[in-house]
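# Close look at the chain arrangement
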Amino acid sequence: MATFRLSVVAPDQSVVDEEVRSIVAPGDSGYFGIWANHIPIVATLRAGLLEYEDLDRQRNYVALGGGFLEFSNNKTTILADSAAHARDVDVEKERVALEQARAALRGESSSMTSAEAQQELERAMFRIKAAQANGRQ
Amino acid sequence: MASLKQIRQRIRSAKNIQQITKAMKLVAAARLKKATDRVLEARPYSERLYGLMSSLSRAGELPAHPLMYQRPIHKYAVVLITADRGLAGSYNTNIIRKAGDFLKQTEGSSSLVTVGKKGSQFFARRGYNVVHSHSVPTAGARLDDAIAITNLVRDMFVSGEVDAVYVAYSKFYSAIRQAPQVVQVLPITPPAEDGVAADSVEYKFEPDPVSILGALLPRYLLTIVWQAMLEATASEHGSRMTAMTSATDNAGEMIQELTLKANRERQASITKEILEVVGGAEALKG
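How each quantity is defined
Residues numbered from 1 in each chain as written. Chains lettered and ligands numbered in written order. Predicted model: local features only at pLDDT ≥ 70, side-chain atom pairs only at ≥ 80, totals over all residues. Helix = DSSP H or I, 4+ residues; strand = E, 2+ residues; numbered from the N terminus. Rg over C-alpha atoms; globule rule 2.2 N^0.38 Å. Buried ≥ 20, exposed ≤ 12 C-beta atoms within 10 Å, placed from the backbone. Contact = placed C-beta atoms within 7 Å. Nonpolar A, V, L, I, M, F, W, Y, C, P; charged D, E, K, R; others polar. Pairing = 2+ DSSP bridges. Right-handed = clockwise from strand over helix to strand, strands pointing away. Core = buried A, V, L, I, M, F, W, Y, C linked by C-beta atoms within 7 Å.

## As for the overall build of chain A
Tallying secondary structure elements over chain A gives two helices and seven strands in all. Counting from the amino terminus, chain A carries its helices and strands in the arrangement β-β-β-β-β-β-β-α-α. A compact globule built from 137 residues should have a C-alpha radius of gyration of about 14 Å, and chain A, at 16 Å, falls within 12% of that. Within chain A, buried positions represent 36% of all 137 residues. Contacts in chain A between residues far apart in sequence, at least 24 positions, make up 53% of those at least 6 positions apart.

## As for helix α3 (residues 117-125) of chain B
All names here are of chain B. Of all the positions in α3, only Lys 118, Gly 119, Ser 120, Phe 122 and Phe 123 are classed as buried. Buried residues in α3 make contact with β1 (75-81), α2 (91-105), β2 (109-115) and β3 (130-134). In the segment just after α3, Gly 127 is the residue with positive phi, at about 80 degrees.

## Re the interface of chain B and chain A
Contact residues are listed per partner, giving 21 residues for chain B and 20 residues for chain A. Looking at the side of chain B that touches chain A, the elements with two or more residues in it are α1 (4-58), β6 (204-206) and α5 (209-285) of chain B. The element best represented in the side of chain B that touches chain A is α1(B), accounting for seven residues. Looking at the side of chain B that touches chain A, its residues break down into 14 nonpolar, two polar and five charged. In terms of strand pairing, strand β4 (residues 41-54) of chain A meets β6(B) through three bridges, oriented parallel. Each bridged residue has a counterpart across the sheet, and for A:Val42 the counterpart in β6(B) is B:Phe205.

## Describing the pairing of β2(B)
Residues and elements named next belong to chain B. By the criterion of burial, β2 is predominantly enclosed, with five of the seven residues buried. As judged from the seven bridges shared by β1 and β2, these two strands associate in the parallel manner. Each residue of the ladder has a partner; that of Val 79, found in β2, is Val 113. Where the polypeptide runs from β1 across α2 and back to β2, its parallel neighbour, the crossover connection is right-handed. With respect to chirality, the unit in which β2 leads through α3 into the neighbouring parallel β3 is right-handed.

## Some points on the nonpolar core
Most often, soluble globular proteins keep nonpolar side chains buried together rather than apart. Counting residues in each nonpolar core, the largest one holds 90 residues, and the members touching the most others are A:Val62, B:Val79, B:Val165, B:Ala168, B:Val225 and B:Met229. Among the elements that take part in this core, α5(B) stands out by supplying 17 residues, more than any other.

## Observations regarding the environment of B:Arg219
Residue and element names in this part refer to chain B. Mapped onto the fold, Arg 219 is located in helix α5. The exposure class of Arg 219 is buried, given the 21 C-beta atoms found within 10 Å. Sequence separation of Arg 219 and Ala 77 is 142 residues, and the distance between their C-alpha atoms is 19 Å.

## Some thoughts on the pairing of β4(A)
Along any regular strand, the residues point their side chains to alternate faces of the sheet. All names here are of chain A. Pairing geometry for strand β2 (residues 13-27) and β4, over five bridges, is antiparallel. Opposite Gly 27, over in β4, you have Leu 45 as the bridge partner. When β4 meets strand β5 (residues 59-72), the two strands line up antiparallel, connected through twelve bridges. In the strand pairing of β5, Leu 50 is matched with Val 62. In this antiparallel pair of consecutive strands, β4 and β5, the connection spans four residues, and Arg 57 shows a positive phi of 60 degrees.

So, to be careful, I would describe these as geometric facts and stop short of saying anything about function.
Structure (structure tokens):
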């Protein structure tokens, strides 16, 4: 079966760089899938979960904080604002971050602005989701 | 002529200094390793982003965007990236001199955004308009620092407070070579057509080129600033390591010289004492 290259890079690190069978990415207007030999595309991504199936048919999850996807010549590049592979997520730490963001949104803490808190909330939420999706297998 | 006691004291202090410079050298070497790793880790993102910009501009005329808006430059801002601390050889001096020359040569009123204490101290004391100074943790700049600076200059540019933004930083080549430079970051100029239209791909855009560009440009700006900060950090540690290595070597040389001098002095005083004894004995005989 045809496979293609997936690389996920964030400004401060490269998260994934491997051969995959398919991916499902959080597009601006909903999740969409990409298989090998897709037509060349550039798409913007929302914060969400990136799912990909590797050569061993394992499903992997990456929490993305928005960004871009480019596909051409069977190469996908995802430029993410932030990215964390499910296996690297520290769920406890993210739960704490989630609680802090919630408290900030309720106005109980002034450590961040509400926009920052909103962002932090989303980030932590998707990381936890990624970890849970990974754990279900 | 310094007395034996004085020379010994100088040897002691040279040894103390050598110990300090040696420690600083080791710390700088460790930090340099980390900093170069970070430069390398950040490189794929900026390269890919740049590639994406190129393919977008190949796909047709880039639509107008506030961050690309060219206008006559009356007021401009310079983001100056220096270190918080000295003792890094000529690192701070070089970048400050480069920025100073640039400020003198460029017409229009300038404002400065400084990262790192050294640059802000220098220019604030000389009456330049430092609108913001940002300080980064000693462990090195974090992405959040770059985001803060980027948002600041973007707001200044979009609101019309300045017509252009430059970044002055030190580009990192190796531990012994860093080159201070000033680059323009705003308005953003699209990547030059490289003439290889043959391999250009027809992309499908989701949602459409204009919104993609709108989302892309701010990140492009951030990447340039972030890259500059990382390079500057690597340059700082590289420069410090080189400076401290030669300081340690120099201290070693000095210790050697002083030891020689001390030994000679000791020998001379012994000889003198013997001469005195012999002379005294001779005098008694006579």
